[in-house]
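Survey of secondary and tertiary structure
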Amino acid sequence: MSQAVRAFGAGGPPEANVILKSMPHPVLLIDRDKRIEYVNDSAQEFFAASSAMLLGHPLSDIVAFGSPVLALIDQVFERGVSVNEYGVEIGTPRIGDRQVDIQVTPLNEYPGHVLLLLQARTMAQKMDRQLTHRGAARSVTGMAAILAHEIKNPLSGIRGAAQLLELSGSPEDKTLTRLICDETDRICKLVDRMEVFSDERPVPREPVNIHLVLGHVKQLAATGFAKNIRIVEEYDPSLPPVLGDKDQLIQVFLNLVKNAAEAIGQGTDGEIILTTAYRPGVRLSMPGSRDRVSLPLEICVIDNGPGVPSDLMEHLFDPFVTTKTSGTGLGLALVAKIIGDHGGIVECESLPRKTIFRVLLPMHTGASVIQNDKARSARLATGAADA
């Protein structure tokens, strides 16, 4: 066993081992041949492999061929200085695709070794995206209220006048008046969809079995818009109930599955995967509350369509942003609002043939949570300050 390994492994100082093991970021000791000589607990969790499977193996066995990580290690060995790289895509079939910040540091005390530190950017991105999505929902809320009052009333008058003209008009005139009625109805439907954004009432929440929600969504999809697409379910059967509103959650995942089906199109190999998993560690502040809640329930809708254009990714959940020629761009904005009202997160990762919409939600932890939440909602509804 080399001196460097003893320093980082079982033979090293106890306090050093405790520090490395408790670090939340993956740490690996790599020799000049790019073999792994030490991994901490976070590294084993990150690569979904035990130390017995990692130690002694080349790093190239666990990262993708041509990964930038390998080039960074070569650069550090050549120059003898630390190198940082941000937003690097790293992944394998075992762990999927992840974006991380990388730091590679030479160990002058132990020549021929470098320390590799990986820091997942997921948490920072989730927090930033969550604020962005909530802001997008708020921006359309005021617009919806204005449209409801300033557009629907004049449209009703226009439609009524067109119907009166239709009674005494010629066949050609009736064609035009019918066109007016149809177009006013279409605009009213759009305004009705936008009115949902102006609903600021607290969401009534209760324990919801998310698998029943997804099962209902799958049934609707399989008999309708996704009847020619294979829908696969990969669920964690031990998942606790979601704290939410069943009808609104059905609307969320129906929108996401329909979005995935439309992205796939008419291909013969279309596939949508619905997954659930328990992912502890994410905590956010609930709207209208000073409390921070955990969001351990992960639900994903994955499709093998062409992916989301890179120029739309940052604005995907903004209203009126769409790639569809006949779309309104309100579906994903509504998803962001509902999930935000539930105190959750929705985000998207997209590559060709693999687009993932990931939703993180709070779980039901007992009757007291429901009672406290309902009491808080009642106070908010009456305008009382939240203690």
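These notes cover the structure that comes with them. (Residues numbered from 1 in each chain as written. Predicted model: local features only at pLDDT ≥ 70, side-chain atom pairs only at ≥ 80, totals over all residues. Heavy atoms only, no water.)

Notes on the packing of helix 10 (residues 246-264) against helix 11 (residues 331-341)
Close contact between helix 10 and helix 11 brings their axes to 10 Å; oriented N to C, the two are set at 145°. Helix 10 and helix 11 meet at a crossing whose hand is left-handed. For the pair helix 10 and helix 11, the contacting residues are Q248, Q251, V252, N255, L256 and N259 in the first and G331, L332, L334, V335, I338 and I339 in the second. In terms of residue class, the contact of helix 10 with helix 11 is made up of seven nonpolar, five polar and no charged. (Axes fitted to C-alpha atoms, helices over the stretch in contact; angles between N-to-C directions. Helix = DSSP H or I, 4+ residues; strand = E, 2+ residues; numbered from the N terminus. Left-handed = near helix turned anticlockwise from the far one by under 90°. Contact = heavy atoms within 4.5 Å. Nonpolar A, V, L, I, M, F, W, Y, C, P; charged D, E, K, R; others polar.)

Digging into the pairing of strand 12 (residues 297-303)
Among the seven residues of strand 12, seven are classified as buried, and the element is accordingly described as predominantly covered. Here strand 12 shows two buried faces, one formed by L297, I299, V301 and D303 and the other by E298, C300 and I302. Here strand 9 (residues 271-278) pairs with strand 12 via seven bridges, running antiparallel. The residue bridging I273 from the neighbouring strand is I302, located in strand 12. (Buried < 20%, exposed > 50% of the residue type's maximum accessible area, 1.4 Å probe, protein only. Pairing = 2+ DSSP bridges.)

Here's the deal with the pattern of salt bridges
Opposite charge on two side chains lets them pair, provided their charged atoms get close. Applying the stated criterion across every chain, the model contains eleven salt bridges. With its nearest N and O atoms 2.8 Å apart, the salt bridge here joins D269 to R353. Of this pair, D269 sits in the loop between helix 10 and strand 9 while R353 sits in the loop between strand 13 (345-351) and strand 14 (354-361), and the two are 84 residues apart along the sequence. You can call D269 partly exposed: its relative accessible area is 44%. Across the pair K337 and D341 runs a salt bridge whose closest N-O atoms are separated by 2.7 Å. With a gap of four residues between them, K337 and D341 both fall in helix 11, about one helical turn apart. Overall, the relative accessible area of 32% leaves D341 in the partly exposed class. (Salt bridge = Lys/Arg side-chain N within 4 Å of Asp/Glu carboxyl O.)

Overview of the environment of R35
Locating R35 in the fold gives a position in the loop between strand 1 (27-31) and strand 2 (36-39). Judged by its relative accessible area of 37%, R35 falls in the partly exposed class. Between the C-alpha atom of R35 and that of H113, which follows or precedes it by 78 residues, the distance is 9.6 Å. With near-sequence residues (within four places) excluded, R35 lies in contact with L29, I30, G56, H57 and P58. Within the structure, the side chain of R35 is placed 2.8 Å from the backbone oxygen of G56, a separation counted as a polar contact. (Polar contact = N/O pair within 3.5 Å; in protein donor to acceptor, adjacent residues only side chain to side chain.)

A closer look at the environment of I272
Within the fold, I272 resides in strand 9. Separated by 82 residues in sequence, I272 and K354 have C-alpha atoms that sit 9.7 Å apart. Setting aside residues no more than four positions away along its own chain, I272 makes contact with I229, R230, I231, V232, V257, A260, A261, I264, V301, I302 and D303.

A word on the sheet that holds strand 9
A sheet is described by the order of its strands in space; here five strands give the open sequence 7-9-12-14-13, paired in mixed fashion. Looking at which strands have only one partner, the edges of the open sheet turn out to be strand 7 (230-234) and strand 13. Sheet twist, expressed as the mean angle between neighbouring strand axes with direction ignored, is 15°. Helix 9 (residues 210-222) rests against strand 7, strand 9 and strand 12 of the sheet, and its axis sits at about 170° to strand 7. Here helix 11 sits on the sheet in contact with strand 13 and strand 14, set at roughly 140° to strand 13.

Description of the packing of aromatic side chains
By convention here, two paired aromatic rings are described through the distance between centres and the angle between planes. Tallying each qualifying case throughout the model produces one aromatic pair. Ring geometry for F46 against F47: centres 5.0 Å apart, planes inclined by 80°, an arrangement best described as edge-to-face. Its relative accessible area of 5% is what places F46 among the buried residues. (Phe/Tyr/Trp six-rings, centres within 6.5 Å; stacked < 30°, edge-to-face > 60°.)

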